Structures are given as C-alpha cells and as structure tokens.
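Descriptive analysis of the structure
Listed below are the residues making up each chain.
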Amino acid sequence: MTRRNNQTNTLIKRIVIVGDLLLLNGLLLIFRWLHPAMSQWSNNITEVFWLVCNMAMLLAQWKFSTIIHLRLVSGGDILRRVCELIIAQTTIAYIVMKAVEMSVPVGKLLLLMGLSMIVLLITVRLFERYAIKRFRQAGMNTRTVSFIGADPALATLYNRLDTDTTLGYRVKGYYADTELSFEGNLNDSESKSRESAFLRLGSKLKLMEDVKADKVLDLGDEVYVCLPRTEREEIRVLSDYCDRHVIHFYYLPATEDRLDLNLKREFLDDMEVFTTHEVPLENIVNRVMKRGFDIVVSFLVLLCILPLLPFIALLIVMQSPGPVFFRQQRTGINGKVFMCYKFRSMHTNQEADRLQATEDDPRKFPFGSFMRKYNIDELPQFWNVLTGNMSIVGPRPHMLLHTQQYSQLIGSYMVRHFVKPGITGWAQVTGFRGETKELWQMEERVKRDIWYIENWSIWLDLRIIWITIKSLFIHDEHAY
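Residues numbered from 1 in each chain as written. Predicted model: local features only at pLDDT ≥ 70, side-chain atom pairs only at ≥ 80, totals over all residues. Heavy atoms only, no water.

Moving on, we get to the pattern of salt bridges. Tallied over the entire structure, the rule returns 20 salt bridges. Residue Glu378 pairs with Arg396 through a salt bridge whose shortest N-O separation is 3.2 Å. Of this pair, Glu378 sits in the loop between α11 (366-373) and α12 (381-387) while Arg396 sits in the loop between β10 (391-393) and α13 (400-409), and the two are 18 residues apart along the sequence. One exposure class covers both Glu378 and Arg396, and it is buried. Each of Lys342, Asp377, Glu378 and Arg396 takes part in salt bridges that share partners, so that together they form one network. (Salt bridge = Lys/Arg side-chain N within 4 Å of Asp/Glu carboxyl O. Helix = DSSP H or I, 4+ residues; strand = E, 2+ residues; numbered from the N terminus. Buried < 20%, exposed > 50% of the residue type's maximum accessible area, 1.4 Å probe, protein only.)

Quick look at the environment of Met208 now. On the secondary structure map, Met208 appears in helix α7 (residues 204-212). Distance from Met208 to Tyr175, taken between C-alpha atoms, is 9.8 Å for residues 33 residues apart in sequence. Residues contacting Met208, with those up to four places away along its chain left out, are Glu234, Val237 and Leu238. (Contact = heavy atoms within 4.5 Å.)

Strand order in this open sheet of 5 strands is β3-β2-β1-β4-β5, and the pairing throughout is parallel. The strands lining the two open edges of the sheet, one partner per strand, are β3 (200-202) and β5 (248-251). Averaged over all neighbouring strand pairs, the angle between strand axes comes to 30°, with direction disregarded. (Pairing = 2+ DSSP bridges. Axes fitted to C-alpha atoms, helices over the stretch in contact; angles between N-to-C directions.)

Over its 31 residues, helix α4 (residues 107-137) runs 44 Å from end to end, which matches the ideal 45 Å to within 8%, given 1.5 Å per residue. All buried positions along α4 are accounted for by Leu109, Leu110, Met113, Gly114, Met117, Ile118, Leu121, Arg125, Glu128, Ile132 and Arg136. Directly beyond the C-terminal end of α4, a positive phi value near 100° is found at Gly139. (Expected span 1.5 Å × (residues − 1).)

Applying the stated criterion across every chain, the model contains 9 aromatic pairs. Look at Trp41 and Phe49: their rings are 5.2 Å apart centre to centre, the planes differ by 80°, and that puts the pair in the edge-to-face class. Take Phe49: its relative accessible area is 0%, and that puts it in the buried class. Between Phe367 and Phe370, the aromatic rings sit 6.0 Å apart at their centres with planes inclined by 20°, giving stacked as the arrangement. Here Phe367 pairs with Phe370, and both are found in helix α11, just 3 residues apart, close to one helical turn. A relative accessible area of 12% places Phe367 in the buried class. Overall, the relative accessible area of 40% leaves Phe370 in the partly exposed class. (Phe/Tyr/Trp six-rings, centres within 6.5 Å; stacked < 30°, edge-to-face > 60°.)

Two elements in contact, α7 and helix α8 (residues 232-244), have axes separated by 10 Å at closest approach and are oriented at 50°. Comparing their axes, α8 and α7 come out oblique. Of the two elements, α7 crosses α8, and the hand of that crossing is left-handed. In this structure, α7 uses Lys204, Met208, Val211 and Lys212 to contact α8, whose residues at the interface are Glu234, Val237, Leu238, Tyr241 and Arg244. (Parallel < 35°, antiparallel > 145°, perpendicular 65-115°, else oblique. Left-handed = near helix turned anticlockwise from the far one by under 90°.)

Spelled out as structure tokens, the structure:
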C-alpha cells in the first residue's frame, strides 16, 4: 500500500511538471504572436529562445519542483515554491540567452513572461490543489495510520489527521492499555463524540507480544508512537518491527517528557542557550520587508476607499447620529497603547470599552451589521497600518480591559504583543474570530497568535491575506 501511494504521489508530481511545461509553451506561443519584439525575430532566434526557456524550466524544476502532492503543505509554501521556480527559470533563461545571443534584448521580455507565469501558475495551482484534495477525499491516494499509546498528544494528532479528509489519511485506531481521553483538546460535547469515534484496536501489552513474535499485523502505512522515554526499549522494538515490514515509523514525545516551553536554540557568544520564543520579526531584514509591504498595500487600499468614504459616512449618520469613525484605545506592540480606528457600526453607547459585540447585539444598526459581516468597518485600520501602529497581518488588538483581564488568566497572553497587531491574523482565519464566550476560546486564539509570531514569513502573511479575501465571499458564522 505504501509503495502504491508513493507511486501515486510521484505520478501526481510528474503530471503537474508536464502541465507547467505545457503552460510555458502556451505562453511562449502567445508572446510569439502578440509581443512586438518577439514577433519580429527570425525563426532561428525564436527557436533558440524557445529551446532555452524549456531547458531553463527543466533545470528549475530539478531544484524547485512542485510540492503540491505533499499532504501536509500550506498554501504559503506552494506560493513560495511557485515564485522560486519562476525566478530560477527566468534567471537561467536570461543567462543562457545572453551567452548564446548577446545582441538579442530579452531582459524585459523574460521579466514580463516571468510575471505572467507566476500569475498563471498560482491560478493553476489552486485548481490542482483542489483536484488533489477531492481525489484524496474520494478515497484514493490515501494512507492508513495506527497510533500506539494513550497520551493526550495523540488525541491532538488524531484531530488533525482525521477531521480533514482532504489530507488523505485514514486512521484505523489506537493500541493502549487505557482509554485515550480527548479532555482538554476540545469542549465537552466534542470530546465525547471524538472519543467514541476513535477506535481502540487492542491493548499495548498484547500488541507488544505480537510484535516481539514478529507476527504480521495490519498496522497500516504509518505508525505514530507516543510513549514515555522510560519505555525506550519498547519504542526501539516497535521501530525495528516497522522497518522490517515497510511501515513508516513516527515518534511523538509523550506529554510527561516535554517541557511544553517550545524551546529554540540560540548562541550567547560560543555558549548554547535556549529561549522560549523565537521571533523572526526581530531580524531587521524581515522587519523592513514586512513594513515595506504594509506601507505599499495600505496606501493603495486607502486610495481605493477614499472615493467611497462620503457614501459610507452618509449611510452611517443617516442610520445612527454621531461620529463616522469609532476610536478606541487598544494594546499594541510591547504592550503600548494606541488609538485604533474603525467605521462606527454601533449606536453610541457607554459599554463600547467593556463589552464585545454579540451576534444579536442591539447596539448595532442595519448598515453597521452589514459592514461587520463584510469587514468594511475595519478599513480605517489601514490608516493605523500606514502610520505604523498596526500591520496588515498580526494578532488582533484587544481593548484595554480585555488585555488586563486575560493577562491574569492566561500565562502566555502578553507574548502576542511581541509584534504589531494586525487587521487580520492566523487565529482569525483558523476559526477563532469574533466573540470569545469561554476561556478556552481565548486560549486557543493566543496559541495561534504565538504560533504566527514564531513562524512568521512573508509567504505566511500572503496566505493569511488570501484566506481573508476568500472569507469575504464565503460567509463566516463568527462575523458579527
């Protein structure tokens, strides 16, 4: 089964690469017909250019081939891979063309083709990724998985692999001497439902007897073992068994063996030390990149909404007398307070600095509800971005009262203020937007905010922006 799945993944990869080459040649054909410079080339130069572009694409594919066939790959990773592929292809083609035909001006042409290919490939990748997900959801190109142990970490992993059927994982169940509990991973009703769906295949004791006797067991394509390090001999035996039977073995550290500090290695002179949080945006290059992106995008957005401002203002004051803009102090980077701006979506009230908006909040007026549903009320925050108080992507800024309350209840809460707050964020696009009715919801939001801080990249920002834009057309039930 594993070999067949690997062959299917290889086939998917090869089909995508062939598709990339067909797309490139289609674009070359269009440029041959329509581009004024290329249409005047002799057949000899055109053939050389055609050959060079295809050769450059093959060389670029050797280093930056598609990763869309991988199961646990993010949209940001795919986007980065596409950009790397086309940049490499364009650079190689330019160097080779200049070596072959120095007099032919191909720089601007290749740059235009490269930009066109990036746009086309990103669009094609969206359809390819959708097709692969549906292919796996239909039960093809799947991998079966067994778990060994009863550690809560396995419950978290199970939720990840089993709930998203588009990943192509089929969980058989788990072997353990005690029942696996989902308590602490989900709310009470969900945890009971998940526990009943997660099949216990047998005891670990009986499994180890069969493994040591080298019996043929139906463990699937992959095995995830989560046992304490005190049972290292059993872990080794399981690993050896999986090697002999061509089963992929994975070890997940047990909860009791982990510090749960997510330590990152750093160097103090020549001494190795560990820190609890690694922040990529402490790097000056990353900060400049993110700030430059924020300035350009926020300036363009503000230019676009400027003509709409009179109409929005008129609708607001017609339905609810008072100021057009809502101003509120929020907690920003390093805990500093700043003034956050929004279009006013509620009637003027005395509870704005104390209560979150609820789904049927009587303080909202009709146009205000419409603005909140489609995030129009957040548009003035691009001014906050332009002036440097916020970023387009980052942890959402909370009102001062909530910062005071939750910082006392959640130990790592203030870590989310290591970076600038954002108009949208990782927590918001992964299901934790809007009102927080229970403490666990805020805890999950904080976890996602910290994950974003520790894993920031420009590609992650672009992925979050893309998901946010998609949500404008697919209604979010938490958007109120």
